[in-house]
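# Chain and residue survey
Residue-level listing of the chains:
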Amino acid sequence: MKTTNHSEYLKLKTVFIKSVKDAFVSQHKLNKEWKELNYLEQPNFDIAIKEYQVFEQLFYDLEIDLQQFSFNNSVKIDSIYCRDASIATDFGMIICNMGKGGRINEPESHLKIYKENDIPVLGIIKAPGTLEGGDVAWLDETTLAVGHTYRTNPEGIAQLKTLLEPQGIDIIVAELPHYKGKNDVFHLMSILSPIDKDLAVVYSPLMPIKFRNELVKRGFELIEVPKEEFESMGCNVLAVAPRQCVMVDGNPVTKQLLEEAGCDVMAYKGKEISVKGGGGPTCLTRPMQRLL
């Protein structure tokens, strides 16, 4: 059974997550950290636990191998959004360097888990370079898109290229706009979620023209998220298999468009674990192996 880490849409075999219990820890920790980390509102711990149980069960029901990032007292509540601290490649993990100051210790916590599980590491992004996993998306097995954002800078992108281009990987850079500025959660995957080899959910008003044209040129059909569903995470959709996906509840237009394109859509209530912190299902997971 062949697998690859170089896909956002093939059938998911293994994924790392970090539970509410190990990330949010307590209502006291949420009360202390939510404002400094620029959450929209203060999450409710008890409701978040219930939301996460439903989210986690989706993976168990699909018999996906769930691995855990365990509790680490050096990280903050944002560590629940575990996609961002590392990048999975077939050559080993890339350990990121966070562009958001409050998340600076998360990559080291990922590195510790990978070492404990004998998971190879290809490289580590070093300062002054910054790179976050939410700014990175595989378009196909040999093409990686990376967003130039306030979280991922040119030095970080240059280090990413140094690691992957000698391995035959083509790096496409998407120059993202200022939007709401340095403190906002705005990654490449805020406006792009590949769902199949020829289908992607996008938010075109914030998508660079050159990058959008590249997607069209590659044969992607684009599902356009309406303006009223962008802030509610309509564009943040996790494919667990081609045209089988998970999204935050409360985005009926996007959900209908996905279903009309032949997708099986599973929605979870994510007000506490997703909307308030700006992290949908792609952010809540660090996908690893997918079946070829």
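Nothing here was measured: the structure is a model prediction, and the numbers come from that model.

### Here's the deal with the pattern of salt bridges
- One pass over the structure, following the stated rule, counts 18 salt bridges.
- Residues E224 and R212 are paired through a salt bridge, measuring 2.6 Å at the closest nitrogen-oxygen approach. Pair noted here: E224 is in strand β13 (residues 221-224) and R212 is in helix α6 (residues 209-217), with a separation of 12 residues, a long-range link.
- Of the residues examined, R212 reaches a relative accessible area of 26% and is grouped as partly exposed.
- Salt-bridge contacts for K255 lead to E259; the nearest nitrogen and oxygen are separated by 2.8 Å. With K255 and E259 both in helix α7 (residues 252-260) and four residues apart, this pair spans about one turn of that helix.
- With a relative accessible area of 39%, E259 lands in the partly exposed category.
- Overlapping salt bridges, with partners in common, bring together D84, R103 and E106 in one network.

### Some points on helix α4 (residues 106-116)
- Those residues of α4 that sit buried are E106, P107, S109, H110, L111, I113 and Y114.
- Contacts from the buried residues of α4 go to β3 (14-17), β4 (65-68), β5 (86-87), β6 (93-95), β7 (121-124) and β17 (285-287).
- A positive backbone phi angle near 55° is found at D118, which sits one or two residues after α4.

### Quick word on unusual backbone geometry
- Put simply, A127 and P128 share a cis peptide bond, and its omega is 10°.
- Take P128: it is sitting in the loop between β7 and β8 (136-140).
- The phi dihedral of Y179 is positive, around 50°, even though this residue is not glycine.
- Checked against the element boundaries, Y179 lands in the loop between β10 (170-175) and β11 (192-196).
- Here R243, not a glycine, exhibits a phi torsion of approximately 60°, which is positive.
- For R243, the location among the structural elements is in the loop between β14 (238-241) and β15 (244-248).

### Considering the sheet that holds strand β1 (residues 3-4)
- The strand order across the open sheet formed by three strands is β1-β18-β2, and the pairing between neighbours is antiparallel. Both edges of this open sheet fall to β1 and β2 (11-12), since each of them pairs with a single strand only.
- Pairing between β2 and strand β18 (residues 290-291): two bridges, direction antiparallel. The residue bridging K11 from the neighbouring strand is L291, located in β18.

### So, the sheet that holds β5
- If you trace the three strands from one edge of the open sheet to the other, you get β5-β6-β7, paired in mixed fashion. Edge positions in the sheet fall to β5 and β7, since each has one partner strand and no second.
- Where β6 meets β7, three bridges bridge the pair, whose relative direction is parallel. Opposite I94, over in β7, you have G123 as the bridge partner.
- Lying over the sheet, α4 contacts β5, β6 and β7, oriented at roughly 150° with respect to β6.
- Along the sheet face, helix α5 (residues 154-164) touches β5, β6 and β7 and points at about 155° away from the line of β7.

Each value, and the rule that gives it
- Residues numbered from 1 in each chain as written.
- Predicted model: local features only at pLDDT ≥ 70, side-chain atom pairs only at ≥ 80, totals over all residues.
- Heavy atoms only, no water.
- Salt bridge = Lys/Arg side-chain N within 4 Å of Asp/Glu carboxyl O.
- Helix = DSSP H or I, 4+ residues; strand = E, 2+ residues; numbered from the N terminus.
- Buried < 20%, exposed > 50% of the residue type's maximum accessible area, 1.4 Å probe, protein only.
- Contact = heavy atoms within 4.5 Å.
- Pairing = 2+ DSSP bridges.
- Axes fitted to C-alpha atoms, helices over the stretch in contact; angles between N-to-C directions.

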